[in-house]
Amino acid sequence: MVSSVGEAAISGVSLVDMINQLIITVFGALATGGAVVTSQHLGAKRPEEAARSAGQLVGLSGILGTAVAVFCLVTRTAQLRLFFGTISEDVMQACLTYFTITALSFPFLALYNAGAAIFRSTGNSAVSMKVSVLVNAINFCGNALCVFVLRMGVAGVAVPTLVSRAVGAVIILSLAARRDYVLRITPRTVTRLEGRTVRSILYIGIPSAFENSLFQLGRVLVVSMISLFGTVHISANAVANTISGIANIPGSTMGLAMIPVVSRCLGAGDKKQAKYYAKMFILMAMLGLFCTNACLFFTIPYIARLFSLSDTALNMCVTVMHWFSLFSVVCWATSFTLPNALRSGGDARYTMTVSIFSMWLFRVILSYIFVLQFHLGLTGVWFGMFIDWICRSLCFLVRFARGKWMEHKVI
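Okay, so let's go over this structure.

Reading guide: rules and limits
Residues numbered from 1 in each chain as written. Predicted model: local features only at pLDDT ≥ 70, side-chain atom pairs only at ≥ 80, totals over all residues. Heavy atoms only, no water. Helix = DSSP H or I, 4+ residues; strand = E, 2+ residues; numbered from the N terminus. Buried < 20%, exposed > 50% of the residue type's maximum accessible area, 1.4 Å probe, protein only. Contact = heavy atoms within 4.5 Å. Core = buried A, V, L, I, M, F, W, Y, C linked by side-chain atoms within 4.5 Å. Phe/Tyr/Trp six-rings, centres within 6.5 Å; stacked < 30°, edge-to-face > 60°. Salt bridge = Lys/Arg side-chain N within 4 Å of Asp/Glu carboxyl O.

The next thing to look at is the environment of Trp389. Topologically, Trp389 is positioned in helix H15 (residues 377-402). The exposure class of Trp389 is buried, given its relative accessible area of 2%. Considered as a pair, Trp389 and Leu73 are 316 residues apart in the sequence and their alpha carbons are 34 Å apart. Sequence-distant contacts of Trp389, that is, excluding residues within four places in its chain, are made with Phe324, Phe327, Ser328, Cys331, Trp332, Ser335, Phe336 and Arg363.

The next point concerns the nonpolar core. In this structure, Met321, Phe324, Trp382 and Trp405 are the most contacted members of the largest nonpolar core, which totals 51 residues. Per-element tally for this core: the top contributor is helix H12 (residues 311-337), with ten residues. Sequence-distant contacts of Trp382, defined by excluding residues within four places in its chain, comprise Asn237, Ala240, Asn241, Ser244, Val320, Met321 and Phe324. Counting 40 residues, the second largest nonpolar core, distinct from the first, contains Ala8, Phe99, Ala103 and Ala155.

Phi at Arg151 takes a positive value of approximately 55°, unusual for a residue other than glycine. Residue position: Arg151 is located in the loop between helix H5 (125-149) and helix H6 (155-176). Since its relative accessible area comes to 66%, Arg151 is described here as exposed. If you check the backbone angles, His375 has positive phi at about 55° while not being a glycine. Within the element layout of this structure, His375 appears in the loop between helix H14 (348-373) and H15. A relative accessible area of 67% places His375 in the exposed class.

Tallied over the full model, the rule gives 18 aromatic pairs. Here Phe27 and Phe106 contribute two aromatic rings whose centre-to-centre distance is 6.2 Å and whose plane-to-plane angle is 70°, an arrangement assigned as edge-to-face. With Phe27 in helix H1 (residues 7-43) and Phe106 in helix H4 (residues 106-121), this residue pair connects regions lying 79 residues apart in the sequence. Note on accessibility: Phe27 and Phe106 belong to one class, buried. Judged by centre distance (6.1 Å) and plane angle (85°), the ring pair of Phe324 and Trp382 falls under edge-to-face.

Let us look at the pattern of salt bridges. For the coordinates displayed, the defined rule picks out eight salt bridges. In this structure, the salt-bridge partner of Asp388 is Arg363, at a minimum N-O distance of 3.1 Å. On the criterion of sequence distance, the pair formed by Asp388 in helix H15 and Arg363 in helix H14 is long-range, its members being 25 residues apart. Here the two residues Asp388 and Arg363 agree in accessibility, since each one is buried. Judged by its relative accessible area of 0%, Asp388 falls in the buried class.

Following this line, the structure appears as structure tokens:
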């Protein structure tokens, strides 16, 4: 839909989404910390403490979401100039419009992530799935109305995002506040923060947030380098990122499912079961990634044409996605799904250290070398990313095999 407005719109939305993704990962990291603590309490047969930690997660998420929204609204122009100062004026205007409206949705997004994590902790991910379906339906229909009928341009993509996230947050928190829910949140548990519970959540959440923030910041810097080459490169990279995200859904899904399951096992003191289920989730992730990427490899020339790219941008996108399909099958699951097993055991500092080191050494520095010294263009950026995946995979596999990730005390 955005592509129908033009390449400047695609570029503007994609650039801001790089910053938005950085913020979203911070919210996700906090939700991960809450999910681990809540799930371990459930595994240890302490439902009252689990319910309190769920309420604390909602309270912390509301505070964080509001603070980030205010910060982004105040500094939005400075951030865009800092990261993407060389972009054309029409792209900059698209960025400002999209960033301003989507920043207003951050408190709702943080609260929705907290609510979804709470339901996944009790094994009831069907609730978050149904709410997500509704949220995306509102977003999709709203985009169609605002872009094609009302001709609102970039704003037509941002406003439905704001509305849908607000609806999602209200619904999922209302469901979590029901009297019959085992992790029922109440005004008391949300507003009265308890030091011990907050520390337990932040013990997992802060390293994960730091890791993911620097990871996304590295991506933003890489994209800022791509922006030097013009709108064609930006739009090709944007479409490739969008399609790759869809192809990686099986791996992301298994990563989310792994957290409550492995955390419960460790909360119950059953390390053997924790390792067994972690292996099962990794194998399922790899199988799913094989299926999606095999389909992607043969259909990418046709899928990319849906985005109204120029011939040059289309060829760039197809080339990097063919390489992506091959590397994703081999090492995406061990790079991004496996670390959730380590986080479930409280080993978040290790995953943070490895991710930051690998990200900046390979994805950022090596990308600059590939692009500026070897003149590989967009392909060079993606090859830096692939080498980053390989490094992560090796480090996480060794850590998982040694079992040290299960020795931490979370609750």
